[in-house]
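Chain by chain, the residues:
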Amino acid sequence: VSVHLDDLDRAEAAGGDRSAPLARARAELDGIAAIFQALLQLAQVESGDARAHFAPVDLTHLCRTMAGLFEPAAADGGKRLMCDLPEGPVTVPGDRTLIGQMLSNLIENALRHSGAAETVEIALRETPEAVHLSVADHGPGIPAEDRARVLQRLTRLDRSRGTPGHGLGLALVEGVAKLHGAALELHDNAPGLRVELRFPR
């Protein structure tokens, strides 16, 4: 931020246009605020306090709701969201807001990092042992050797440096998954990435 403020000082002293350095400084401050907010939310999730307010969450309805919210942004980017969901409700005990935030992060990541691939798929299925929720894309994916690393906070792969984000999205997903006792796995979608969450029965 100090670099952008120095640019602003120089522009003002020279009687030049201050709008560009001011916009860069504001963008930098917005990014810092977003990182702080994400770290605060992650700390709250990791404290486990939300467990006291767990209630049945209908994942079928939540997936449809989140898909509807992201459909306009997907269409603007030339992409489409496809849902493979059961007809009826599929419930797990949890915090609806946090699971919604987790799903939002996964959809946003898939849309942002899927490259030229046109579709992002949200799928939900039940087995006797677990409820399986997945978000998948057909982009470049994440190499197997990097999949554990991208779950660490503030970690971004080199090829993601040019896209928006602060490297906390998947860390928050993992935190919410652990809070709900769900297993988080990253798989090769051949091509692309499939992120799967398994909520135990």
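Bear in mind that the values here come from a model prediction, so they are computed numbers and not experimental data. (Residues numbered from 1 in each chain as written. Predicted model: local features only at pLDDT ≥ 70, side-chain atom pairs only at ≥ 80, totals over all residues. Heavy atoms only, no water.)

(A) Up close: the overall build of the protein. A count of helical and extended segments in the protein gives 5 helices and 7 strands. Going residue by residue from the N terminus, the α and β elements of the protein occur as α-α-β-α-β-β-α-β-β-α-β-β. Taken across its 201 residues, the protein has 42% of its residues classed as buried. A separation of at least 24 residues holds for 66% of the contacts in the protein among residues at least 6 apart in sequence. Per element, the accessible surface of the protein, about 10,900 Å² overall, is 53% carbon and sulfur. (Helix = DSSP H or I, 4+ residues; strand = E, 2+ residues; numbered from the N terminus. Buried < 20%, exposed > 50% of the residue type's maximum accessible area, 1.4 Å probe, protein only. Contact = heavy atoms within 4.5 Å. Areas by Shrake-Rupley, 256 points an atom, 1.4 Å probe, with all protein chains shown as cover.)

(B) Fine view of the sheet that holds strand 7 (residues 193-200). The strand order across the open sheet formed by 5 strands is 2-4-5-7-6, and the pairing between neighbours is mixed. The open sheet has two free edges, formed respectively by strand 2 (80-84) and strand 6 (183-188), since each of these has just one partner strand. Pairs of neighbouring strands in the sheet enclose a mean axial angle of 15°, with direction left out of account. When strand 6 meets strand 7, the two strands line up antiparallel, connected through 6 bridges. (Pairing = 2+ DSSP bridges. Axes fitted to C-alpha atoms, helices over the stretch in contact; angles between N-to-C directions.)

(C) Summary view of helix 4 (residues 96-113). For helix 4, spanning 18 residues, the distance from its first C-alpha to its last is 26 Å, which sits close to the expected 26 Å at 1.5 Å a residue. For helix 4, the N-terminal cap is D95; the gap from its side-chain oxygen to the backbone nitrogen of T97 is 3.0 Å. Just downstream of helix 4 lies G115, where phi reads positive at about 65°. (Expected span 1.5 Å × (residues − 1). Polar contact = N/O pair within 3.5 Å; in protein donor to acceptor, adjacent residues only side chain to side chain.)

(D) Looking closely at the nonpolar core. By size, the foremost hydrophobic cluster in this structure holds 43 residues, and its most contacted members are L59 and F199. Only helix 3 (59-76), helix 4, strand 4 (119-126), strand 5 (130-137), helix 5 (169-179), strand 6 and strand 7 provide two or more residues apiece to this core. Look past the residues within four positions of L59 in its chain and what remains in contact with it is V90, V92, I99, L124, V131 and F199. (Core = buried A, V, L, I, M, F, W, Y, C linked by side-chain atoms within 4.5 Å.)

(E) Structural detail: the environment of A182. Among the structural elements, A182 can be located in the loop between helix 5 and strand 6. In this structure A182 comes out as buried when scored by relative accessible area, which is 9%. In this structure the C-alpha to C-alpha distance between A182 and R198, which are 16 residues apart in sequence, comes to 5.2 Å. Sequence-distant contacts of A182, defined by excluding residues within four places in its chain, comprise A177, R198, F199 and P200.

(F) Inspection of the state of the cysteines at higher detail. All told, the structure shown has 0 disulfides when counted by the stated rule. C83 supplies the cysteine sulfur nearest to C63, a cysteine that is in no disulfide, at a spacing of 7.0 Å. (Disulfide = S-S within 2.5 Å.)

(G) Broad picture of the environment of F70. Mapped onto the elements of the fold, F70 is located in helix 3. For F70, a relative accessible area of 14% puts it in the buried group. Taking C-alpha positions, F70 is 8.0 Å from L81, a pair spaced 11 residues apart along the chain. Aside from chain neighbours lying at most four places away, what touches F70 is L81, S104, I107, E108 and L111.

(H) Highlighting unusual backbone geometry. That bond from A190 to P191 is cis: its omega, 0°, falls within 30 degrees of zero. Checked against the element boundaries, P191 lands in the loop between strand 6 and strand 7. Phi at A190 takes a positive value of approximately 50°, unusual for a residue other than glycine. Residue position: A190 is located in the loop between strand 6 and strand 7.

(I) Region of interest: the side chain of E196. With respect to the helices, strands and loops of the structure, E196 is situated in strand 7. With relative accessibility at 10%, the residue E196 sits in the buried group. In this structure the side chain of E196 is engaged in a polar contact, spanning 2.6 Å, whose partner is the side chain of R194. Beyond its immediate stretch of four places on either side in the chain, E196 contacts R125, H132, L133, S134, A183, L184, E185 and H187.

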